[in-house]
Amino acid sequence: MPKAKKLPSGSWRARVYSYTDTDGKKHQESFTAPTKAQAEMLAAEYAANKHRRARHDITVGEAIDGYISAKEPVLSPSTIRGYDRMRKVDFGAIAKKKVRSLTSEDLQLFVSDLARKKSPKSVRNAYGLLTASIALYAPDLTFRVTLPAKPKKRPESPSDEAVRALYNAAYPQLRLCISFAMCGIRRGEMCAFEYSDLKDGIIHINKDMVKDRYGQWIIKPRPKTEDSDRYVMLPPFVLDQIGKGKGRIITVTPNTVTKQFTKYRQKLGLNLTLHDLRHYFASIASALGVPDIYTADFGGWDRNSAAMKSIYQNNIKSMSDYYMKKINNHLSGVVKEDA
């Protein structure tokens, strides 16, 4: 409890810590009263309510900014960049509201207005950032909000013929990117590959090329998710394209890969993305009878059940190699036709 001191005037003054400024200087609040007990009571009340009062006064915008700053050290640069972009364009008038004054109606109006301009996925992402920020400063608040329904998508996997046409039309580096994607590898992962990651025909996927919050391409020392850190056995036709060297295998950024891929698939009249080749990989694995547990392992997908994790942790490497070779043999057959 703050202790009061008697002033020359005969009054009593108690001081309590308030905040530390950007220069590291500590500031105090002073409370003066006719008696020692009154001064100390005023100071103690301020100290007890200071934290609660600060949270009561914070706006939604300030809460989001605080959440982003708090999470920056532990989230990926691309995630933080996405948060920054949402903070600038998605929150509008609600950013000025006090967190403690928010109602379910406020949040529902925010969601409904955003849904008129954005996709359901974008709305859900913005609402997720909003509620996470509110929870950081006012964890006791609860809201009832209806979010837009997720559209049902049934993506069609590219055919062998489409993949073969793309592979044969592409120049060497783009052809290698297509080959990596056919093996279930993401574009950020392939652009971060170094020759040192490849050993005995197996590549270690252990990093990712992403944009940081300032829009600069960087290589972060871990891939997209925990499950994405993996080893992939590459088919001989991919190893032949890689060859030997030092430094990065793919020397351009993910955006450049996408632009060049789009250019070639448009020339061929094909309607697919580079990422669709990951679906192709999964479809081929399914058609060949590869168990889901191995497909998830090869592609870095989430092993989302306790049973699957248990099986994965105990899977036999010889079986993993068997199924990977089965997929690789099929892919080799696809690209050899008309090559």
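Residues numbered from 1 in each chain as written. Predicted model: local features only at pLDDT ≥ 70, side-chain atom pairs only at ≥ 80, totals over all residues. Heavy atoms only, no water.

Quick look at the overall build of the protein chain
And step 1. If you tally the helices and strands in the protein chain, you get 14 helices and 8 strands.
And step 2. For the protein chain, the proportion of its 339 residues judged to be buried stands at 40%.
And step 3. A separation threshold of at least 6 residues defines the contact pool for the protein chain, and within that pool the share at least 24 residues apart is 65%.
And step 4. Working note: accessible area of the protein chain is about 19,500 Å², and carbon and sulfur atoms make up 51% of it. (Helix = DSSP H or I, 4+ residues; strand = E, 2+ residues; numbered from the N terminus. Buried < 20%, exposed > 50% of the residue type's maximum accessible area, 1.4 Å probe, protein only. Contact = heavy atoms within 4.5 Å. Areas by Shrake-Rupley, 256 points an atom, 1.4 Å probe, with all protein chains shown as cover.)

What about unusual backbone geometry?
And step 1. Phi is positive for Asp200, close to 55°, though the residue is something other than glycine.
And step 2. A residue is classified by how much of its surface remains accessible, and Asp200, at 73% relative accessible area, is exposed.

A word on the pattern of salt bridges
And step 1. Taken as a whole, this structure holds 11 salt bridges when the rule is applied.
And step 2. One salt bridge in this structure joins Arg186 and Glu189, with 2.7 Å as the shortest N-O distance.
And step 3. For Glu189, a relative accessible area of 1% gives the class buried.
And step 4. Ionic pairing is found between Glu189 and Arg230, a salt bridge with its closest N-O pair at 3.0 Å. Here Glu189, found in helix α8 (residues 187-192), pairs with Arg230, found in strand β8 (residues 230-233); they are 41 residues apart in sequence, far enough to count as distant.
And step 5. We classify Arg230 as buried; its relative accessible area is 1%.
And step 6. A network of salt bridges, in which partner residues are shared, links Glu72, Asp84 and Arg213. (Salt bridge = Lys/Arg side-chain N within 4 Å of Asp/Glu carboxyl O.)

Some words on the layout of surface pockets
And step 1. Volume-wise, the largest pocket comes out at about 1,200 Å³.
And step 2. Lining the largest pocket we find 36 residues, and of these Ser78, Lys121, Arg187, Val210 and Lys224 sit closest to its centre.
And step 3. Elements that contribute at least two residues to the lining of the largest pocket include exactly α3 (77-89), α5 (120-137), α8, β6 (208-211), β7 (217-220) and α10 (254-267).
And step 4. Within the lining of the largest pocket, the residues separate by chemical class into 11 nonpolar, 11 polar and 14 charged. (1 Å grid on protein atoms, 1.4 Å probe; cavity = no way out; pocket = protein on both sides within 12 Å on 5 of 7 lines; lining within 4 Å. Points joined across faces, edges and corners; volume = space filled by probe spheres on them. Nonpolar A, V, L, I, M, F, W, Y, C, P; charged D, E, K, R; others polar.)

Considerations on the sheet that holds strand β5 (residues 202-205)
In a beta sheet, neighbouring strands are held together by backbone hydrogen bonds and run either parallel or antiparallel to one another.
And step 1. Spatially, the 3 strands line up as an open sheet ordered β4-β5-β8, and their pairing is antiparallel. What marks the edges here is a single partner per strand, and that holds for β4 (198-199) and β8.
And step 2. Of the strand pairs in this sheet, β4 and β5 are connected by 2 bridges, and their pairing is antiparallel. Residue Leu198 lies in a different strand from β5, and its bridge partner there is Ile203. (Pairing = 2+ DSSP bridges.)

Some words on the packing of helix α6 (residues 160-169) against helix α7 (residues 172-182)
Packed helices, taken two at a time, are described by the angle between their axes plus the distance between the axes.
And step 1. Closest axis-to-axis distance for the α6/α7 pair is 8 Å, and the angle between their directions is 150°. Judged on the interaxial angle alone, α7 and α6 are roughly antiparallel. Crossing of α6 over α7 shows left-handed handedness. Side by side, α6 and α7 meet where Val163, Leu166, Tyr167 and Asn168 of the first sit next to Arg175, Ile178, Ser179 and Met182 of the second.
And step 2. A per-class count over the contact of α6 with α7 returns 5 nonpolar, 2 polar and 1 charged. (Axes fitted to C-alpha atoms, helices over the stretch in contact; angles between N-to-C directions. Parallel < 35°, antiparallel > 145°, perpendicular 65-115°, else oblique. Left-handed = near helix turned anticlockwise from the far one by under 90°.)

Quick look at the confidence of the model for the protein chain
And step 1. With 87% of its residues at a pLDDT of 70 or more, the protein chain shows a mean pLDDT of 85.
And step 2. A low-confidence stretch, residues 305-315 stays under pLDDT 50, and its non-local contacts, those more than four residues away or across chains, total 10 contacts. (pLDDT = per-residue confidence, 0-100.)

Brief notes about the pairing of β6
And step 1. As paired elements, β6 and β7 share 4 bridges and run antiparallel to each other. Along β7, the bridge assignment pairs Met209 with Ile219.
And step 2. Hairpin connection between β6 and β7: a loop of 5 residues separates the two successive antiparallel strands, and Gly215 in this loop has a positive phi of roughly 85°.

Observations regarding the packing of α7 against α10
And step 1. Where α7 contacts α10, the axes come no closer than 10 Å and their chain directions differ by 95°. With respect to α10, the element α7 is oriented roughly perpendicular. Note on element contacts: α10 touches α7 through Val257, Gln260, Phe261 and Tyr264, opposite Leu174, Cys177 and Ile178.
And step 2. Looking at the contact of α7 with α10 residue by residue, the class counts come to 6 nonpolar, 1 polar and no charged.

Here's the deal with the packing of aromatic side chains
And step 1. A full pass over the atoms with the stated rule returns 7 aromatic pairs.
And step 2. Taking the centre distance of 5.1 Å and the plane angle of 35° together, the rings of Tyr294 and Tyr323 count as tilted. Placement of the pair is Tyr294 in helix α12 (residues 292-299) and Tyr323 in helix α14 (residues 317-336), with a sequence separation of 29 residues. You'll find Tyr294 and Tyr323 in the same group, each marked buried.
And step 3. Every member of this aromatic cluster is reached through a ring pair, and the members are Tyr294, Phe298 and Tyr323.
And step 4. Over the ring of Tyr167 we find Arg175, and its NZ or CZ is 4.6 Å from the ring centre.
And step 5. The ring of Tyr264 carries the charged tip of Lys267 above its face, separated from the ring centre by 5.4 Å. (Phe/Tyr/Trp six-rings, centres within 6.5 Å; stacked < 30°, edge-to-face > 60°. Lys NZ or Arg CZ within 6 Å of the ring centre and 35° of its normal.)

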